[in-house]
Amino acid sequence: MARVALEQVTKIYPGGVRAVDGIDLSIADREFVVLVGPSGCGKTTTLRMVAGLEEISQGVIRIGDRVVNDVPPKDRDIAMVFQNYALYPHMTVFKNMAFGLKLRGMPKAQIKQRVTEAAKTLDIEHLLDRKPKQLSGGQRQRVAVGRAIVREPSAFLFDEPLSNLDAKLRVTTRAELKRLHQRLRTTTIYVTHDQEEAMTLGDRIVIMKDGRIQQADAPLRTYQSPVNRFVAGFIGTPPMNFFDGTLRAEGGGLRFEEGKLVRGELTLPGNGFTLTLEHLPPEVRKRLLARTSGHVVLGIRPEHVRLATLGGAPGLDVPVKVRLNVIEPLGSEMDVHMSTALHDQMVGRMDAQIGVQAGSDATVFVDARKVHLFEPGDTGMNLSLETMSSSNETSHAIA
């Protein structure tokens, strides 16, 4: 077991492209950390630098107490599981799992014991005599994981290991990986572009954009308290709804007025919705009162929107007039795509009900206690957080 630490780690490719830009990250012993973000954000490059498959341009990487910048991959005491399994097609499952141990010169009896134990853990004992072409995708992935387990490394590195599996098998294998970590408690770094995977697997998730860390926090804290607009929009399915507008002081309180961006400038036509913000903590209220008449962005998660026919809580839910555009039944829930007077895109995820018709006008209730307010811009800071310390640090890091 080992702690993994990255200190100002940077990767610059020829031409000056910064794939990873001075990131600091400390992963505790036994922790399961997931690196997540859109394609090209630098998450896989970061993982490959930890593995030693990619040279770092600047910074320091430590595994345990060792600086491993110049240590070859085979000597870093890590095991990596790849997206494409990377199994030897001419070898049986047993030989695939045993190959790394054989190269180390481990006695045959010890190799057999480790492979058998790992196969039992992963429920692939009955596959040990088969070759990869005789296995399903899920079975091949378990063999790849087993090959990593037998090495008993200080840390596991996973590079999008479930992306080649079908949706149902991804869910099943995801649960198996979580149970496996709970049993082995090996330090794990896991890369994925799937935020649902990140939320369900990680003790902590690290959200990256353009080679920089936007937020590193527990999954639920990341969902409930995103430090900026990018994180808020990335975490959550469907993504958070955003509305440009301004704040007005109202009897000692605050009211959000929907506006519209025209060539980058905020306009207030006067026919947008308004949202009374009565449940803000005192520190947040004081901070936002100083921003009245300025441009802010309101964030509303789809699950905090419900049709008026489903009822609202007086004093807590605020009515908004909308046009229903598309209804997507999901079984017990439905996604309702709608538009306000000034914004074409708004999504609500709510309990399914019969009789909701696309093309009709309706009223939805918004839970005003759970909205967020952001500074303008893709990575605008979350002004709704009670403490701004983490937000300020992130804002400084991505400036």
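Residues numbered from 1 in each chain as written. Predicted model: local features only at pLDDT ≥ 70, side-chain atom pairs only at ≥ 80, totals over all residues. Heavy atoms only, no water.

A.B. asks: So what about the pairing of strand 3 (residues 32–36)? Which residues, and what values?
C.D. replies: For strand 3, the tally of buried residues reaches five of five residues, placing the bulk of the element in the interior. Neither face of strand 3 is open: one carries Phe32, Val34 and Val36, the other Val33 and Leu35, and all of them are buried. The pairing of strand 3 with strand 8 (residues 187–192) spans five bridges and is parallel. Along strand 8, the bridge assignment pairs Val34 with Tyr190. Judged from the four bridges that link them, strand 3 and strand 9 (residues 204–209) form a sheet pairing that is parallel. Its bridge partner lying in strand 9, Val36 is registered against Ile207. (Buried < 20%, exposed > 50% of the residue type's maximum accessible area, 1.4 Å probe, protein only. Helix = DSSP H or I, 4+ residues; strand = E, 2+ residues; numbered from the N terminus. Pairing = 2+ DSSP bridges.)

A.B. asks: Help me get a handle on the sheet that holds strand 5 (residues 66–67), residues and values and all.
C.D. replies: With antiparallel pairing, the four strands of this open sheet are ordered in space as 2-1-4-5. Whereas interior strands pair on both sides, the edge strands pair on one side only; in this sheet they are strand 2 (17–27) and strand 5. Note that strand 1 (residues 4–13) and strand 2 share seven bridges and pair antiparallel. Looking at strand 2, one finds that Ile12 is bridged to Arg18. On top of the sheet, helix 1 (residues 43–51) reaches strand 1, strand 2 and strand 4 (58–63); it is set at about 115° to strand 1, its chief contact. (Contact = heavy atoms within 4.5 Å. Axes fitted to C-alpha atoms, helices over the stretch in contact; angles between N-to-C directions.)

A.B. asks: Could you give an account of the pattern of salt bridges, naming the residues involved and the relevant values?
C.D. replies: Counting across every chain of the model gives 19 salt bridges. Its salt-bridge partner being Glu54, residue Lys11 comes within 3.8 Å of it at the nearest N-O pair. Pair noted here: Lys11 is in strand 1 and Glu54 is in the loop between helix 1 and strand 4, with a separation of 43 residues, a long-range link. For the pair shown, Lys11 and Glu54 are each scored as buried. For Glu54, a relative accessible area of 19% translates into the label buried. Three or more residues are tied together by salt bridges with common partners; here these are Lys11, Arg48 and Glu54. (Salt bridge = Lys/Arg side-chain N within 4 Å of Asp/Glu carboxyl O.)

A.B. asks: So what about unusual backbone geometry? Which residues, and what values?
C.D. replies: Of note, the bond from Thr237 into Pro238 is cis; its omega dihedral lies within 30 degrees of zero at -10°. Structurally, Pro238 can be placed in the loop between helix 8 (229–234) and strand 11 (241–250). Phi at Arg30 is positive, roughly 75°, even though this residue is not glycine. Along the polypeptide, Arg30 turns up in the loop between strand 2 and strand 3. Backbone geometry places Arg263, a non-glycine residue, at a positive phi of 50°. Summarising the element assignment, Arg263 is placed in the loop between strand 13 (260–262) and strand 14 (265–267). A relative accessible area of 81% places Arg263 in the exposed class.

A.B. asks: Tell me about the packing of aromatic side chains, and name the residues and values.
C.D. replies: As enumerated under the stated definition, the model contains eight aromatic pairs in all. Between Tyr88 and Phe99, the aromatic rings sit 5.0 Å apart at their centres with planes inclined by 65°, giving edge-to-face as the arrangement. Pair noted here: Tyr88 is in the loop between strand 6 (78–81) and helix 2 (93–103) and Phe99 is in helix 2, with a separation of eleven residues, a long-range link. When the ring of Phe242 is compared with that of Phe374, the centres are 5.8 Å apart and the planes differ by 75°; the resulting orientation is edge-to-face. With Phe242 in strand 11 and Phe374 in strand 22 (residues 372–374), the pair connects residues that are 132 residues apart, well separated along the chain. Phe242 sits in the buried class, given a relative accessible area of 19%. Connected via pairs of aromatic rings, a cluster forms that spans Phe32, Phe156, Phe158 and Tyr190. Above the face of the Phe230 ring, Lys209 is positioned so that its terminal group lies 5.7 Å from the ring centre. (Phe/Tyr/Trp six-rings, centres within 6.5 Å; stacked < 30°, edge-to-face > 60°. Lys NZ or Arg CZ within 6 Å of the ring centre and 35° of its normal.)

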